[in-house]
Amino acid sequence: MKSISLATLLLLCPALALAQQEVDRAQTTTPGTQNQLDRVEVRRTQTDTDLRRREPVAKQLYGRDELDKYGDTQLSDVLKRLPGINVSGGQLRMRGLGGAYTQILVNGEPAPPGFSLDNLNPAQVERLEVTKAPTADQSAQAIAGTLNIILKDAPRVVQKDARIGFAYAAEKPVLNAGFTYGDRALGGLGFVLPVSFYQWHLENESDSERLGRDRFGQPQRLSGSSQDKSFGRGINFSPRLTWKLGDDESLSLQGFAVQNRFRNEGDSVTQVLLGSAPPSVLDTTRNRGTFSATRLNLQYNNRFDEGKRIELRAGVGSGGADFNFSLAGRDATGKPTVDRVTSGDNTNRQATLAGKYSQYAGEAHTVTAGAEIERRTRNEQRRTVENGVDLLPGLEGQPFDARITRSAAYAQDEWEISPQWSAYAGVRHEQIKTISTGVGSDFSSTSKVTTPLLHVNFKPDPKGRDLVRASLTRSYKAPDVQQLIARPTINTNYPTTGPNTETAPDRTGNPNLNPELATGLDVAWEKYLPGGGMLSVGVFHRRINGLIRNSLALETVSWASGPRWVAKPINLDRATTDGLEIEVKGRAAELFPTVFDPTMALSMRASLNVYKSKVGGVPGPDNRLEGQQPWQFNFGADYRMKSLPVSMGFSAQIAPKFSVQQTALQRQENLANRSMDAFVMAQLSPKDGVRVAVNGLLASKQGSMTSFPTGEFNWNRRVPPTWWSVNWEHKF
């Protein structure tokens, strides 16, 4: 692996030397040898930075340049390189906060249940919109922020392109392919048909160490090592049909479908360093399953007057998943001791209706009002059988149904106060009602939240491009269904015939949870440079009431003969989080005019995010919000050669080691995180290009240690794989 890493670094290091050669070659060209050129009119297209500056609220936009740069086949790989974002275990984290604090939308609507960023190919996406403070026309379940994934729209001119590639991370290469066909037909009819196919084959090596007590209460220290292999394939399809009924009237039909099949295999070995041996020290695991989701949305837009507009939306969706996980455990002699099979499946259905009306009110106001209703149903069953017997008799295999109804109404006013000042004020009322039926899972929960919102923009120079943005908003996080269901999940290392330990608790939900409510203040200064670069410096504050966190307690429970340690979510206390966000990007010559030549096609970018948080009800120090790192630093550069149609670049992410005091009895230490991605792109012809990329280069070990005042602890570490890929891209 070291030789591979060094080879990639050698590919990147010549970039600056090649750039200087290009500059020297341009400067030594004899003027008299130049041919007379005809006059050419060049029109500058709007960049992502231009669109960002024109937004009425603070919003980061990323289009095709960012989506295509590294030839990624999973959207999560694109997102991890963006400022203030990191992806952990397939979950999007903004401002260092967990996935539940970040809202993910697809075309402005909540993502399907079970949706993962690894399920979507960037080739299906038109652009990404990242909003740090909520707006009235979208759900306010966005304490950390919102990611809105806009799927491909029908192009203005015919588009036909294909991509085929191979990637490698372990044992053998895998295939990815994509095709997009879009056109504008007669009668104002436009369509786009993008489809993507991808595979993965990954291998993880991990090690662990645990100091605790065995089933008889005696001290026990174990060390383990494991190897996991993950295989799978998936397909995405997101067709869109747009019919322009008139100059200001249109009808569009958007489809979205994803299907994955996965298979995991694992082997682990446990060594006894102290005390007795557990029932199983040689484990073999197998897991296989599927995931699918489909959605169809119809949207009608009509600007029936110079200052009046209506938008109507309707959608239906369905999906589901199933899995079968088996564990075969043996003792040190190889004799079978544990045979455990866990299987389950779920189905989801969804229907939405929404409407929005806007009109000018005088010369300075645009008033908008709207309403939404969404209905989701989820049917699920799960069963665990150990050595031929149900793990929890009476509960295993029993289905439960959940019905979630979300309704909202909102109003907002965009006000152009003066050439220097503009404001966006709104209010949104949202209600979520959840009803669940089933053995051990009967409950009803209703949450109602009203969120006032105010965004203000100020231009120091009315004719300039710089902006000062400020937002005062309210947002929230509603508990999900799994947090509400009181059906227990047993830690199978300790049978219910005896006690367990703090390091291996059972888990259950809490139907009495209330939403977390957050009041937020965001202030940012954005400086836009003449050449297209920008500098942004911002600060934020969030005060969260009713923070949900897992409690750990020794309880008398119905599923065991004696008391058991149980982890259960509760509304703990208040919490605050503050942060500093710095972002800079642009051409190197514009950012550092005394260092780089103006003709050098080198772009640079960097971001620094610093976070601080404090949780009430938990003793310090390090009583931080769950998983929030103290800081994160991203930096990268892209370079395009002049004499050859070759471009290259890299992007690196660094985060430090940190600790979190989760409860008075539980502390977690997280390892430092670093990684680098790189690419080289050769444009072989106007229609053909070849791209070589690597993801996860120089990655550090990832993992955490959970410890307790008794001295017991549980260490888990793994080495993430490096992902190499080569892609051929053709435009017809």
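Residues numbered from 1 in each chain as written. Predicted model: local features only at pLDDT ≥ 70, side-chain atom pairs only at ≥ 80, totals over all residues. Heavy atoms only, no water.

Caption draft 1: Region of interest: the overall build of the protein chain. Within the protein chain one finds seven helices and 38 strands. For 732 residues, the compact-globule estimate of 2.2 N^0.38 gives 27 Å, and the protein chain sits close to it at 27 Å. Over its C-alpha atoms, taken along the principal directions, the protein chain stretches across nearly 90 × 60 × 50 Å. Here the protein chain holds 732 residues, and 47% of them are scored as buried. Summarising the internal contacts of the protein chain: among those between residues at least 6 apart in sequence, 68% fall at separations of at least 24. Total accessible area on the protein chain stands at roughly 34,500 Å², and carbon and sulfur atoms take up 57% of it. Side chains of the protein chain give 87 positive and 76 negative charges; the mean places of these two sets differ by 1 Å. (Helix = DSSP H or I, 4+ residues; strand = E, 2+ residues; numbered from the N terminus. Rg over C-alpha atoms; globule rule 2.2 N^0.38 Å. Buried < 20%, exposed > 50% of the residue type's maximum accessible area, 1.4 Å probe, protein only. Contact = heavy atoms within 4.5 Å. Areas by Shrake-Rupley, 256 points an atom, 1.4 Å probe, with all protein chains shown as cover. Lys, Arg positive; Asp, Glu negative; His and termini not counted. Charge placed at Lys NZ, Arg CZ, Asp CG, Glu CD.)

Caption draft 2: Spatial organisation of the sheet that holds strand 23 (residues 506-507). Strand order across the open sheet formed by three strands is 23-27-26, with mixed pairing between neighbours. The sheet is open, and its two edges are formed by strand 23 and strand 26 (548-555), each paired on a single side. Where strand 23 and strand 27 (residues 564-571) come together, two bridges link them in parallel fashion. Opposite D506, over in strand 27, you have V566 as the bridge partner. (Pairing = 2+ DSSP bridges.)

Caption draft 3: Structural context of the pattern of salt bridges. Tallied over the full model, the rule gives 44 salt bridges. For R95, the salt bridge goes to D522, with nearest N and O atoms at 2.8 Å. One end of the pair, R95, is in the loop between strand 3 (91-94) and strand 4 (102-106); the other, D522, is in strand 24 (residues 516-528), with 427 residues separating them in the sequence. With a relative accessible area of 2%, R95 lands in the buried category. Overall, the relative accessible area of 9% leaves D522 in the buried class. A salt bridge links E502 to R213, with the nearest nitrogen and oxygen atoms 3.1 Å apart. Here the residue E502 occupies a position in the loop between helix 6 (481-484) and strand 23, and R213 occupies one in strand 10 (residues 189-213), the gap between them amounting to 289 residues. We classify E502 as buried; its relative accessible area is 9%. The exposure class of R213 is partly exposed, given its relative accessible area of 24%. (Salt bridge = Lys/Arg side-chain N within 4 Å of Asp/Glu carboxyl O.)

Caption draft 4: Seen up close, the nonpolar core. In terms of nonpolar packing, the biggest core is built from 41 residues, with L75, L79, L128 and I149 touching the most fellow members. When residues of this core are traced back to their parent elements, those giving at least two are helix 5 (75-79), strand 3, strand 6 (125-131), strand 7 (145-151), strand 10, strand 13 (249-274) and strand 14 (282-305). Ignoring sequence-local partners within four residues, the contact set of L75 consists of L67, L117, L120, P122, V125, L128 and I149. A402, I432, Y476 and L484 belong to the second largest nonpolar core, which has 14 residues in total. (Core = buried A, V, L, I, M, F, W, Y, C linked by side-chain atoms within 4.5 Å.)

Caption draft 5: Seen up close, the pairing of strand 27. Sheet topology note: the strand 26/strand 27 ladder contains eight bridges and is antiparallel. If you follow L554 over to strand 27, its bridge partner there is W565.

Caption draft 6: Focus on unusual backbone geometry. Each neighbour pair has its own omega, and for G620 with P621 the value is 0 degrees, a cis peptide bond. In this fold, P621 is placed in the loop between strand 29 (602-615) and strand 30 (631-640). Of note in this structure, R95 is not a glycine but carries a positive phi near 55 degrees. A positive phi angle is found at D622, which is not glycine, with a value near 65 degrees. Relative to the helices and strands, D622 resides in the loop between strand 29 and strand 30. A relative accessible area of 30% means that D622 is categorised as partly exposed.

Caption draft 7: Quick peek at the environment of N148. Mapped onto the elements of the fold, N148 is located in strand 7. Separated by 17 residues in the primary sequence, N148 and T131 place their C-alpha atoms 8.2 Å from one another. Sequence-distant contacts of N148, that is, excluding residues within four places in its chain, are made with L105, V106, N107, G108, R127, L128, E129 and Q138.

Caption draft 8: The arrangement of the sheet that holds strand 7 in detail. As summarised here, the arrangement of the five strands in space is 1-6-7-4-5, forming an open sheet in which the pairing is mixed. Of all strands in the sheet, those bounded by a partner on one side alone are strand 1 (59-62) and strand 5 (109-110).

Caption draft 9: Quick peek at the confidence of the model for the protein chain. Averaged over all residues, the pLDDT of the protein chain is 88; the fraction at 70 or higher stands at 94%. Taken together, the stretch residues 1-43 has pLDDT below 50 and engages in 33 contacts with residues farther than four places along the chain or on a different chain. (pLDDT = per-residue confidence, 0-100.)

Caption draft 10: Representation of the packing of aromatic side chains within the structure. Overall, the coordinates contain 11 aromatic pairs when judged by the stated rule. With a centroid separation of 6.2 Å and an interplanar angle of 75 degrees, the aromatic rings of F179 and F732 are classed as edge-to-face. Residue F179 is found in strand 9 (residues 174-184), and its partner F732 is found in the segment after strand 38 (723-731); the two are separated by 553 residues along the sequence. Look at F732 and you get exposed, because its relative accessible area is 53%. With centroids separated by 4.6 Å and ring planes inclined at 40 degrees, the aromatic side chains of W421 and F458 adopt a geometry described as tilted. Of the two residues, W421 sits in strand 20 (residues 421-438) while F458 sits in strand 21 (residues 443-458), which places them 37 residues apart along the sequence. Look at F458 and you get partly exposed, because its relative accessible area is 23%. Put simply, the rings of F633, F635 and F650 pair up and form one aromatic cluster. A cation over an aromatic ring shows up here: R81 above the ring of Y70, its NZ or CZ 3.9 Å from the ring centre. Taking the ring centre of Y101 as reference, the NZ or CZ of K477 above it sits at 5.3 Å. (Phe/Tyr/Trp six-rings, centres within 6.5 Å; stacked < 30°, edge-to-face > 60°. Lys NZ or Arg CZ within 6 Å of the ring centre and 35° of its normal.)

Caption draft 11: Quick peek at the side chain of T102. Within the secondary structure, T102 sits in strand 4. For T102, a relative accessible area of 6% translates into the label buried. Only 3.4 Å separates the side chain of T102 from the backbone nitrogen of M94, close enough to count as a polar contact. Every residue in contact with T102, bar those within four places of it in the chain, is listed here: L92, R93, M94, L97, A144 and G145. (Polar contact = N/O pair within 3.5 Å; in protein donor to acceptor, adjacent residues only side chain to side chain.)

Caption draft 12: A negative patch on the surface, seen in detail. Together, D247, D248, D305 and E306 give the surface a local cluster of negative charge. Mapped onto the secondary structure, D247 falls in the loop between strand 12 (240-246) and strand 13. (Patch = residues over 30% accessible without salt bridge, like charges linked within 9 Å, V, L, I, M, F, W, Y side chains within 5 Å.)

Caption draft 13: The arrangement of the environment of A589 in detail. Mapped onto the fold, A589 is located in helix 7 (residues 588-591). Distance from A589 to V338, taken between C-alpha atoms, is 65 Å for residues 251 residues apart in sequence. What A589 contacts, discounting residues up to four positions off in sequence, is F596, D597 and P598.

Caption draft 14: Structural context of the side chain of E380. Here E380 lies in strand 17 (residues 365-386). Engagement of the side chain of E380 in a polar contact is seen with the side chain of R378, the distance being 2.9 Å.

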